[in-house]
Amino acid sequence: MGNLKEKVDKKQKKKSKKPNNSDFSEKDVMIKKEDERNKATRPAEKKKRKREKGSSIDGGDAIQIIREDDVTKAEGEKKRNKLRKKKKEGRSKIMFCAYIGKSKKSKKKKKEHETSKEDEIILEKRGETNQDEAYCISSGDEDCSKGMKKWLTDYHQSRPGLKVLQQRLDEFIVSHEEKLEQERKEREAQAAEGGWTVVKHHKGRKKTTDSESGITVGSVAPAAVENQMTKKKPKEVGLEFYRFQKREAQRSEIMALRSKFEEDRKRIQQLRAARKFRPY
Amino acid sequence: MDSDTLTEPMELKVLELIKEVQIDHSPSFTKLVNDSVSSIQNSINKIPNNLTVTGEEVAGFVRDVGADKVDFKFKKPKSIEIGGSYSLKCVVKPDINVDLFIQLPKECFHEKDYLNHRYHAKRFIYLSIIKKFLNLDSSFEKVEWSTLQNEARKPVLLVCPADKLAEVPGFVVRIIPTAKSLFNVAKLDLKRNNVRALNQDGTPLPTPRYNSSILEDMCSEYNTEFLKKTFLGWKALGEALVLLKVWARQRNSVHSHDCLNGYLIAIILSYLVAHEKVNNSMRPLQIFRVTLDFIANSKLWSRGLFLQKQGEDRMLYKESFPVVICDSTTHINLTFRIKGSGFSELQDEAALTLKCLEKSGDGAFEDIFMTKIDFPAKYDYCVRLNLKGNSEFYSSGYCLDEECWRSHEQKVQSLLSQGLSDRARSVRVIWRNIPSGCSFENGLSTLDVEPLLVGISLSSLDKAFRVVDIGADAENKEEAAKFRKFWGKRQSFGDLRMVKLLKAQVRLYVLWESEQWRKHLILKRIVEYILLRHLAISKTSIEQTVDQLDFSLVHGVEDPMSFSASLLGAFDVLSKRLRLIEDIPLKVSSVQPLDPAFRCTSVFPPEPHPLASEKGNVPRLHKLPSSCIQPLEVMIQLEGSGNWPMDDVAIEKTKSAFLLKIGESLENSWGMTCTATEDDVDVFLSGYAFRLKILHERGLSLVKREIGSDQGKRVSSVDQKLFVCSQHSSMINGLQGIFPIYGPVVRLAKRWVASHMFSACLSEEAIELLVAHLFVKPLPFTAPCSRITGFLRFLRLLAEYDWIFSPLIVDLNSDFNPSDKKEIHDKFMLTRKGYEENSQNISSAMFLATSYDKASEAWTRLSPNLLELKRLVAYACSSANLLTRLVLRDQTDSYRWECLFRTPLNNYNAVILLHGDRLPYPQRLLFPSKLNHGRLVAHGNASKAFQPFMLPRDLRGSLDELKNKLLVDFDPLRCYIADLEKECNILKSWYDSLGGDAIGLTWERSCSKKRDRDEAGEEEDPIDVLKAVGEAGKGFVKSVHFLKAPRLMN
């Protein structure tokens, strides 16, 4: 693996001597904006190196993203290398084949698990990709199943007009009510079967509406409830009435303070690890 | 004892900070210092005594300071000793320098050398000989010129030793000449003239600054001794000094030649010690607070501070200098460089910091010590003057009493203060004119390469955007003449009658006509006009940061914001009509706007569409109308009723039924057009489309009950969302009323987030809250008053906030009490519970708590996730750096500014480019994307079915037919993204919902991993996936590019 990396590096060094715009290694994942002004590569590259050194002064138009995955890095690099070559020499298809052949060779040196699936896939698809490297999508004006045409059709279908919508809604409500009705009947039938009525313990607050008729029984507007709640005085007696309560309150306060202190300490250790105390 | 005294987290943090910045006086460091000093000594010893020097080699300097008779014979310095912060053990990283005082020998000077800069010239010649010999020595890496407090006539030498020590990077020795008892102190009295060139019609004027400049060298050793006596052996005082230094360094406008420096801080501290305001029992943070309080609030400043308790000539000093800290034994005002404006800036900063200590709570430490308060972030407007090659400002010589750069600073300062009058709260002018590593040998003419920097803080927007400057009473001849002289042709003599004054007075005034949305440019025009009128500079050398980012917000040449008045008018009409509706079972009880366009925070508020009005005939059109129209959400509440169904689905259907009825009614009684889908009902009114929503309170209470019973399983119903939206909308609306600049800042922020393809990660409301935070809790700044400053602070907030470990509490109405905060904190801790085991396991990676949403569930619960947030932070960081550089240094061509909104396309696995002319609003596309790397996987043609503009041939027919052609809320990009998410869930898409023509794709790691395991045999080829992706966007996708292989392995 290390061997291979070295090789790649060497190759890159060789490349970087030539002024070639697309020539930047992916290892230093400094990503330039596509920027016509960067045509003069040499100064740009120099700049890049500088930036790399002091990441605090990294360029505004370049964004550094740190990748954790070394393995893929090497691979991406390699691939990029090859692709670049391919582009440069302008014989894309032939070179592409050559690339695959080569990569196969070099892969053998690698450990097994590193044989990239992706490359295998490309190998599989080689024939196809070579034939039509850039697949052509039709404009889709005839076909309503996908793309722009579909979205437009969907749009128009979703707006059938107020009348139709109204009708659909009515239908829904009628069927919904029927369903509810049926459910109710079933329930009643079940209950009536043995001549018994099942009495259940009713948890929680009383329902405000009668479940059968929908009539409001003892409805309370939420606003009113809230109002009431705020008006209710907090219990004044009780909290600090007995001595033991005071003692307990003090104790728990101290406990809370102590736990907060511990928390802060932990937090500061984390911050220290993250170098958050350096004001420059 | 420790656990008792250190309960405050602030104290703990301060301790850590001191540890971080203070230098350990370890044996190796001491040795390095001693070695460097002794090798400097050796080099100086090699200089032959009685070497005759004439100053020819440095003739440029001698000429420019205006000295004559500078020949002398070189003698060795009388003494060499270490002074400065090193001797106090208070060196603060990252500026690690050791001051080395070399005492100039009396034999080299004549008695009268204090006259006419002879001392300065000789001092420089002496140093340049030393420099020559130091250069011969290989134990120094380099020897450079620098200056004492930016004073060009007093250069010092910076010596970099060749030996390096890892723990003290960038260590230098500063060689500072001193002039102990060279001259008679009485001759350097404030009232005396010692520069003969400075006179007024033959009468010499006093030269207090020149005299102080010499006196300073004469007493520097004495004062160092004095400081040593105070500081050595008092650890807490030294630590307080370190804290104050860190504090000052973070404040660029305060830590400068005409304001504060480390030495002066030490002097102020020792004053406080001498006057028993600081005592032995205080901790560093307490001393810090006392000192700031003294700086900000003490009345003593107006009388002058005297280190010894006496002072017969107090008023004398006060007349010559705005700030006086005087040492009666040496007769020098140590603060002779401080200017009035600098000092008031210092007092402001100190007062703000005290406020931070009081109000910021847990964040105080970060606000005070860790936040960089530089010009771009602090001031609302920054102006750069490039005075390179401008000969006007030194026409009367480089150095008289003051140096020409300082007097020019003064001039610009007073011009702008006068011109801006009460528009500006403060105007700060700083010219750090001495570039590092410059050479003085050839004279001082090259010291103008650095730009002069002006920072302007506005008082209030009302004042700043005022269109008229009322001047003098026209009858008062003297005043009027002055006013005319200042404003020149610009002033108009008008009959501007002052109603307020009750008597009809004719006043002079200056008028700055401006359209509403261009009012922020008034200030720019004033500054430019004044500077051009009174200084001999060209227009191109004035660089102001005001409107450079406006390009991202305008349509063509006009800001769509200018339609907001007509939009609000239309909304009023709509709300009236809604309330008047009689033919529905329940009356409309309230109407509330929800869309950001109503609160001026929409990047592109809609323009009135010619086809969406009620008028019966087809209007004549000047330009092609857009074929899409953005609907604006409006929330309706109905009268209460017990007849609502109980289950969610039925409630929603009932709402739709109501809305349809409302729509029909509006159609019938007002002739408005209504169009609807099963979920949405839109009505057209005066060119706008409004989307109506009903809030049903019962739905709300249902949800609330659910929360009570089961915290984890949270059903967020439509009503809940609507309710939160309405709360948010009304609060933000209130905020916008208080801070008119809030809207533009939010718009820039939203545009930035979208243009870097984060539309899916950060919701608009979250952005509004983030920006709101800058306004409701502006400390350590004051609330921003310009869009660029606000935008920069937004970027820095994103980049620097500690999102993982702290909740961002946006207290919109400033009504949180401690128990609210505790509640928020507890909820925050709940979301971070899993962090320690698994750093990916975090909900609400960006925790935004507000009064209506204390658990951060409304906007940022699911996105951004941790990875997205990291990316966002990285982008914000680099954009903030770029913006800072643009304001301070870089050449301001528009391209560099555009880079803030240009996004790199190579951070994705694949990129889809769209047909720009099939976007619903092509005019919103900032930069057509291009891609010249990666592999082209597929390309496609544009569909003919959709055009963003209605072509003339579409415009035939009646208005009703045309209205049917108008697409409400049709957005191909959104449809496409929805299809993508449906079809291939292994891809994550990054896009710009405001009108970008590119979509970035990344492979979701977790999914692909699972896929690997589950269906190892049936692995999907990324190329095939991408083809399918392209296929799904038929007619919209221009091309699909494959950039880099997804990480398929573990």
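- An unreviewed UniProt entry annotates chain B as Nucleolar protein 6 of Dovyalis caffra.
- The UniProt entry for chain B carries the following comment under Subcellular location (unreviewed entry): "Nucleus, Nucleolus".

- By the naming in an unreviewed UniProt entry, chain A goes by Ribosomal RNA-processing protein 7 C-terminal domain-containing protein and is assigned to Dovyalis caffra.
- Word for word, the UniProt comment on chain A under Sequence similarities (unreviewed entry) is "Belongs to the RRP7 family."

1. Considerations on the overall build of chain A
Okay, so step 1: When you go through chain A residue by residue, the secondary structure sums to 10 helices and 3 strands.
Okay, so step 2: In chain A, the succession of helices and strands from N to C terminus is α-β-α-β-α-α-α-α-β-α-α-α-α.
Okay, so step 3: Restricting the contact set of chain A to residue pairs at least 6 apart, pairs at least 24 apart contribute 52%.
Okay, so step 4: Split by element, the accessible area of chain A, about 20,300 Å² in all, is 54% carbon and sulfur.

2. Points about unusual backbone geometry
All names here are of chain B.
Okay, so step 1: Residue P780 is reached from L779 by a cis peptide bond, and omega for that bond is 5°.
Okay, so step 2: Structurally, P780 is set in the loop between α24 (764-776) and α25 (787-800).
Okay, so step 3: The step from S863 to P864 runs through a cis peptide bond, and the omega angle for that step is 0°.
Okay, so step 4: The topology assignment puts P864 in the loop between β27 (848-849) and α27 (866-888).
Okay, so step 5: Its identity is not glycine, yet K89 carries a phi of approximately 60°, on the positive side.
Okay, so step 6: Residue position: K89 is located in the loop between α5 (84-88) and β4 (97-103).
Okay, so step 7: The class of K89 is partly exposed, set by a relative accessible area of 48%.
Okay, so step 8: Here the phi dihedral of S686 falls at roughly 35°; this positive angle occurs in a residue that is not glycine.
Okay, so step 9: With respect to the secondary-structure elements, S686 resides in the loop between β24 (681-685) and β25 (688-695).
Okay, so step 10: Classification of S686 as partly exposed rests on a relative accessible area of 35%.

3. Examining the packing of α24(B) against α25(B)
Residue and element names in this part refer to chain B.
Okay, so step 1: Where α24 contacts α25, the two axes come as close as 10 Å, and the packing angle between them is 110°. With respect to α25, the element α24 is oriented roughly perpendicular. Together, I767, L770, V771, H773 and L774 of α24 and G790, R793, F794, L797 and L798 of α25 make up the contact between the two elements.
Okay, so step 2: Within the contact of α24 with α25, the residues separate by chemical class into 7 nonpolar, 2 polar and 1 charged.

4. A look at the side chain of B:N150
All names here are of chain B.
Okay, so step 1: Tracing the sequence through the fold places N150 in the loop between β5 (140-148) and β6 (151-161).
Okay, so step 2: On the accessibility criterion, N150 (11% relative accessible area) is buried.
Okay, so step 3: One polar contact links N150 to H257, side chain to side chain, over a distance of 2.7 Å.
Okay, so step 4: Ignoring sequence-local partners within four residues, the contact set of N150 consists of H257, E403, R406, W431, R432, N433 and I434.

5. What to know about the pairing of strand β7 (residues 172-178) of chain B
All names here are of chain B.
Okay, so step 1: Taking burial as the measure, the 7 residues of β7 include 7 buried ones, the bulk of the element.
Okay, so step 2: Of the two faces of β7, the one lined by V172, R174, I176 and T178 and the one lined by V173, I175 and P177 are each fully buried.
Okay, so step 3: The pairing of β4 with β7 spans 7 bridges and is parallel. Looking across to β7, one finds that V98 is bridged to V173.

Rules and cut-offs
- Residues numbered from 1 in each chain as written.
- Chains lettered and ligands numbered in written order.
- Predicted model: local features only at pLDDT ≥ 70, side-chain atom pairs only at ≥ 80, totals over all residues.
- Heavy atoms only, no water.
- UniProt positions renumbered as here; feature names shortened; annotations may be inferred.
- Helix = DSSP H or I, 4+ residues; strand = E, 2+ residues; numbered from the N terminus.
- Contact = heavy atoms within 4.5 Å.
- Areas by Shrake-Rupley, 256 points an atom, 1.4 Å probe, with all protein chains shown as cover.
- Buried < 20%, exposed > 50% of the residue type's maximum accessible area, 1.4 Å probe, protein only.
- Axes fitted to C-alpha atoms, helices over the stretch in contact; angles between N-to-C directions.
- Parallel < 35°, antiparallel > 145°, perpendicular 65-115°, else oblique.
- Nonpolar A, V, L, I, M, F, W, Y, C, P; charged D, E, K, R; others polar.
- Polar contact = N/O pair within 3.5 Å; in protein donor to acceptor, adjacent residues only side chain to side chain.
- Pairing = 2+ DSSP bridges.

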